[in-house]
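Per-entry structural report
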Amino acid sequence: MRKPIRITAPLSTLEEIEKRFPVSKASEKALRALVDEFKATLSKREEVPVNSIEPEKRPKRASAA
Amino acid sequence: MPPLPDPKGVFLNVPYDEEFSGLYIAYIVGLCQLDLVPRLASEIPGGGRRLDRIFKLIQSCRYSIHDLSRVEMSVAPTAVPRFNMPLELGMTITWTNLYPSRHTWFVWESQPYRLQRSASDLNGTDPCIHNGTAEGVLRELRNAFHRDQMPSAPDMLGVYRFVNNQLNAIFRRNGTSNPYSKSVFVELCRLSSYLTDILRHTKPAV
């Protein structure tokens, strides 16, 4: 099995992304709305406190043998 | 001598058919999450021979992915073998043999040992096996490429699902139902890159 190729090029900035993938003004607006929707799903996921998970759905600890 | 290749450019040699669109989106999302730049033959403007344009695109990319999982007979009654993907792989291999430091190619398949049956001359090549699933494409991309600040596998899958769910809206906006059209491709890349940027700034990298 070959080793993964290590990508060392610096990470792209938002400006570079926008220049590389040019879209219309309407598409830009729609994509920005999707980005906000995605952000909202992320923050919802992160806001769920561990204690709010029902006990039977919590992962069980491995019992000592 | 052509100019040096884009160090992030990845030429995607994939079948342009409806059944493949889920894997195609997984390639786009996964590559953008690795901050690589997917390139597709359909994005290059017309004029001149298509094959010449494709060869120029291959030369301009540092890497290429050749998915041979759908090298098979097309649907009857006009059943003919699909030769475009192997043809473009052959061009790429020749280019790489001439200038090994300029290009690295990968072969992708859906099943182990299928490549040995379809193209035994490629024996000795380790294909990336995606099992015909988007999860498999993302997993193999992570095996093929590594970079610091890479998103976690569940995050990559989460972004894939989110982007895939937006496909119909992207179609409507661009007046097409062809995921391989230039405008849809560019929007998919832009959206995937945006979401990756958000993840990078909100979640710790793996």
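Residues numbered from 1 in each chain as written. Chains lettered and ligands numbered in written order. Predicted model: local features only at pLDDT ≥ 70, side-chain atom pairs only at ≥ 80, totals over all residues.

Quick notes on the overall build of chain A
Looking only at helices and strands, chain A features two helices and one strand. Counting from the amino terminus, chain A carries its helices and strands in the arrangement β-α-α. (Helix = DSSP H or I, 4+ residues; strand = E, 2+ residues; numbered from the N terminus.)

Some remarks on unusual backbone geometry
Residues apart from glycine generally show negative phi values, whereas peptide bonds are mostly found in trans. Residue and element names in this part refer to chain B. Non-glycine residue Tyr113 carries a positive phi angle of around 70°. You can see Tyr113 is positioned in the loop between strand S4 (104-109) and helix H4 (114-118). Here the phi dihedral of Asn131 falls at roughly 60°; this positive angle occurs in a residue that is not glycine. The exposure class of Asn131 is partly exposed, given the 14 C-beta atoms found within 10 Å. (Buried ≥ 20, exposed ≤ 12 C-beta atoms within 10 Å, placed from the backbone.)

What to know about the interface of chain B and chain A
Listed per partner, the contact involves 28 residues of chain B and 24 residues of chain A. Elements supplying a minimum of two residues to the side of chain B that touches chain A: strand S1 (6-13), helix H5 (134-144), strand S6 (145-146) and helix H8 (182-202) of chain B. Top element by residues in the side of chain B that touches chain A is H8(B). It accounts for 11 residues. Classifying every residue of the side of chain B that touches chain A gives 13 nonpolar, seven polar and eight charged. Two elements, strand S1 (residues 5-6) of chain A and S6(B), share two bridges in a ladder whose sense is parallel. If you follow Ile5(A) over to S6(B), its bridge partner there is Phe145(B). (Contact = placed C-beta atoms within 7 Å. Nonpolar A, V, L, I, M, F, W, Y, C, P; charged D, E, K, R; others polar. Pairing = 2+ DSSP bridges.)

Here we look at the environment of Glu43(B)
Residues and elements named next belong to chain B. By the secondary structure assignment, Glu43 is in the loop between strand S2 (37-39) and helix H2 (50-60). Counting along the chain gives 139 residues from Glu43 to Lys182, while the straight-line C-alpha distance between them is 5.0 Å. Beyond its immediate chain neighbours, meaning those up to four positions away, Glu43 contacts Lys182 and Phe185.

Quick word on the pairing of S4(B)
Every other side chain in a regular strand lies on the same face of the sheet, so the side chains alternate between the two faces. Residues and elements named next belong to chain B. Here five bridges tie strand S3 (residues 61-67) to S4, and the two strands are oriented parallel to one another. Along S4, the bridge assignment pairs Tyr63 with Thr104. In terms of strand pairing, S4 meets strand S5 (residues 128-129) through two bridges, oriented parallel. The residue bridging Trp108 from the neighbouring strand is Cys128, located in S5.

A look at the nonpolar core
Grouped together as the largest cluster of nonpolar side chains are 53 residues, with contacts concentrated most on Val10(B), Ala26(B), Tyr27(B), Ile28(B), Tyr160(B) and Leu188(B). Take this core: its biggest share by element is nine residues, from helix H1 (residues 21-33) of chain B. (Core = buried A, V, L, I, M, F, W, Y, C linked by C-beta atoms within 7 Å.)

Re the confidence of the model for chain B
For any part of a model where pLDDT is low, the fine detail of the predicted coordinates should not be relied upon. Summary statistics for chain B give a mean pLDDT of 92 and a share of 98% for residues scoring 70 or more. The ipTM value of the predicted complex is 0.86, and its pTM value is 0.89. (pLDDT = per-residue confidence, 0-100.)

Details of helix H6 (residues 153-165) of chain B
Residue and element names in this part refer to chain B. Taking 1.5 Å of rise per residue, the 13 residues of H6 would be expected to cover 18 Å, and the 18 Å separating its terminal C-alpha atoms lies within 8% of that figure. Among the residues of H6, Met156, Val159, Tyr160 and Val163 are the ones counted as buried. All buried residues of H6 lie within an arc of 105° about the axis, which places them on one face of the element. Residues of H6 that are exposed and point more than 90 degrees away from the buried face comprise Pro154, Arg161 and Asn165. Where H6 is buried, its residues contact H1, H5 and H8. (Expected span 1.5 Å × (residues − 1). Arc of directions from axis to C-beta.)

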